[in-house]
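# Overview (structure and organization)
Given next are the chains, with one letter for each unit.
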Amino acid sequence: MPSIPDPSSALGPVMHHLIADLFPICRSITGDGVRQTLRALRAIAPLELREVPSGTPVFDWTVPDEWNVREAYIAEASTGRRIIDFKNHSLHLVSYSIPIRQRMTFAQLKPHLHSLPAQPDLIPYRTSYYKPTWGFCLSHHQLQSLPDVEYEVVIDSTLSPGHLTYGEHFLPGESTDEFLFSAHCCHPSLANDNLSGIVLQAFLARELARRPSRRHSFRFVWAPGTIGAIAWLARNEQSAARITHGLILSCLGDGRAFTYKRSRQGNAPIDRAVEEALQSAPAPARLIDFSPYGYDERQYCSPGFNLPVGLLMNSQYGQFPEYHTSADDLTLVRPDALADSLAMILNIIDRIENSPADATSSNILTPPANSIPSLLADSPADTHRIYLNLNPKCEPQLGRRGLYATVGGQTHPREFELAMLWVLNQSDGLNSIADVAARAKLPIDIIRAAANALLDHHLLCEVTP
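Throughout what follows, the structure given in this document is the object of discussion. (Residues numbered from 1 in each chain as written. Predicted model: local features only at pLDDT ≥ 70, side-chain atom pairs only at ≥ 80, totals over all residues. Heavy atoms only, no water.)

The next point concerns the sheet that holds strand E17 (residues 386-389). The three strands lie next to each other as E18-E17-E19, forming an open sheet whose pairing is antiparallel. At either end of the open sheet lies a strand with only one pairing partner, and these are strand E18 (428-432) and strand E19 (460-463). Each strand of the sheet is rotated relative to its neighbour by a mean of 40 degrees, with strand direction disregarded. As paired elements, E17 and E19 share four bridges and run antiparallel to each other. Its bridge partner lying in E19, Tyr-387 is registered against Glu-462. This element, helix H11 (residues 433-440), spans E17 and E18 of the sheet and lies at about 75 degrees to E18. (Pairing = 2+ DSSP bridges. Helix = DSSP H or I, 4+ residues; strand = E, 2+ residues; numbered from the N terminus. Axes fitted to C-alpha atoms, helices over the stretch in contact; angles between N-to-C directions. Contact = heavy atoms within 4.5 Å.)

Grouped together as the largest cluster of nonpolar side chains are 88 residues, with contacts concentrated most on Ile-74, Leu-113, Phe-136, Tyr-300, Ile-447 and Leu-454. Top element by residues in this core is helix H10 (residues 415-426). It accounts for seven residues. (Core = buried A, V, L, I, M, F, W, Y, C linked by side-chain atoms within 4.5 Å. Buried < 20%, exposed > 50% of the residue type's maximum accessible area, 1.4 Å probe, protein only.)

A word on H11. Burial runs high along H11: seven of the eight residues are buried. For H11, the set of buried residues is Ile-433, Ala-434, Asp-435, Val-436, Ala-437, Arg-439 and Ala-440. Here the buried face of H11 lies against E17, H10, E18 and helix H12 (444-456). Positioned one or two residues after H11, Lys-441 has a phi angle of 55 degrees, which is positive.

When you line up the elements, Asn-425 lands in helix H10. Of note is the side chain of Asn-425, whose polar atom sits 2.9 Å from the side chain of Gln-426. If sequence neighbours within four positions are ignored, Asn-425 has contacts with Arg-264, Phe-290, Pro-292, Arg-298, Cys-301, Ser-302 and Pro-303. (Polar contact = N/O pair within 3.5 Å; in protein donor to acceptor, adjacent residues only side chain to side chain.)

Side chains that carry opposite charge are capable of pairing whenever their charged atoms lie near each other. In this structure the tally under the stated criterion is 29 salt bridges. In this structure, Glu-178 engages Arg-219 in a salt bridge whose closest nitrogen and oxygen atoms are separated by 2.8 Å. Remark: Arg-219 occurs in strand E12 (residues 217-223) and Glu-178 occurs in strand E11 (residues 178-184); sequence separation between them is 41 residues. Classification of Arg-219 as buried rests on a relative accessible area of 11%. One salt bridge connects Arg-262 with Asp-289, and the closest N-O pair in it is separated by 2.7 Å. (Salt bridge = Lys/Arg side-chain N within 4 Å of Asp/Glu carboxyl O.)

What follows covers the packing of H10 against H11. Running from amino to carboxyl end, H10 crosses H11 at an angle of 120 degrees, the nearest separation of the two axes being 10 Å. By the angle between their directions, the pair H10 and H11 is classed as oblique. When you trace H10 past H11, the crossing you get is right-handed. Along the contact surface, H10 presents Trp-422, Val-423 and Gln-426, while H11 presents Val-436, Arg-439 and Ala-440. (Parallel < 35°, antiparallel > 145°, perpendicular 65-115°, else oblique. Left-handed = near helix turned anticlockwise from the far one by under 90°.)

Within the secondary structure, Thr-464 sits in the segment after E19. In this structure the C-alpha to C-alpha distance between Thr-464 and Arg-385, which are 79 residues apart in sequence, comes to 8.0 Å.

With that out of the way, let us pick up the packing of H10 against H12. Viewed as axis vectors pointing N to C, H10 and H12 meet at an angle of 70 degrees, and their least axial separation amounts to 8 Å. Regarding the angle of H10 to H12, the classification is roughly perpendicular. By crossing handedness, the relation of H10 to H12 is classed as right-handed. Counting all contacts with H10, which are made through Glu-415, Phe-416, Ala-419, Met-420, Val-423 and Leu-424, the residues of H12 involved are Ile-446, Ile-447, Ala-449, Ala-450, Ala-451, Ala-453 and Leu-454. For the contact of H10 with H12, a count of residues per class yields 12 nonpolar, no polar and one charged. (Nonpolar A, V, L, I, M, F, W, Y, C, P; charged D, E, K, R; others polar.)

Quick look at the structure:
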């Protein structure tokens, strides 16, 4: 089947204009900002809004209460002058901050203020989805300039039963085998990490809908990060088996060289197709192996699903200086880069569509060599142990067990938290502790400690090889 014409020259400015329209909206994992964003995308692709009520169990998680915010600021109590105002930038408010209206000293206020000493001119992005607290973000220069006076703190927010909202669009093809595209839609005012992916995905759906025929069926999901993908998988547990290829789309507008993170399987047809397509990129692409830290590929690639889903980016999450800061703005995302990313995605799709049917039909591959238990005689006995994840479908919720940081958005996970994610993702009854450490490239002692913590919380059980 011939490729559709390259849409890059015409669609780049159009996509950038839509990103500019969506940029000011305060998005989080729930709330009116997500709905407003998804409804705006309907002008491009006829996606359906799905609502999941608060309190709904989704595997090991529960859909949280819905959060909305009307106003938030910090003002000098004596003058009323606002020194931080949510209206000026949605990153100023820690996402999911509880309501508060109180006067306090600077000493009382300071623990609730977040800045980046290493990037003193930028506002960081921070969240506290699952621990009731509040906070504000500001540049470090501004933090250092605040006088030691009394302040009035106001957060006019609501946190009450409502819904989690995600968007979904389906294009049927000749086969029931599905190609999944997924993008997270939960970040406020971040242009590259968040908006580039969700806008590109909408235009991709429109371009594919215009094709006279499609070999595969195509499914598009716009969901809040982590909890949204988990909710989608919980609602589509049986039909997820039809997914034979998948891509997460994010950070695709900065014009830097492409980065591809392979699926957990490592050598699925989608992995091979992306690697081949990236050979035509103008700058050498970076190929990285799967890890259980990142975006929603870690949910689709959890051991209970093990779907062939990779992650396509320009700059890698956490690895570019603007990541999760106010520098990820409309100047970082370029129309030509958006167009180039869309053209590359269409190139990847064409390679999958035109591949022999028997080369693309299976999402169950032989485990990689390092997943075979390595029972080495000269290794400590406990490194031979093999565990089974008792919550294999998506990550278990570590935060409510006290195993994970309560304030999110930081660039890098702590090493122990990363070790726990590796142990959970690789504990499929095949991998020993030594195998996990080798694939994670983490010290065996940290992997062992992570496994013991997960055992203590009844998230693992030991199995006999």
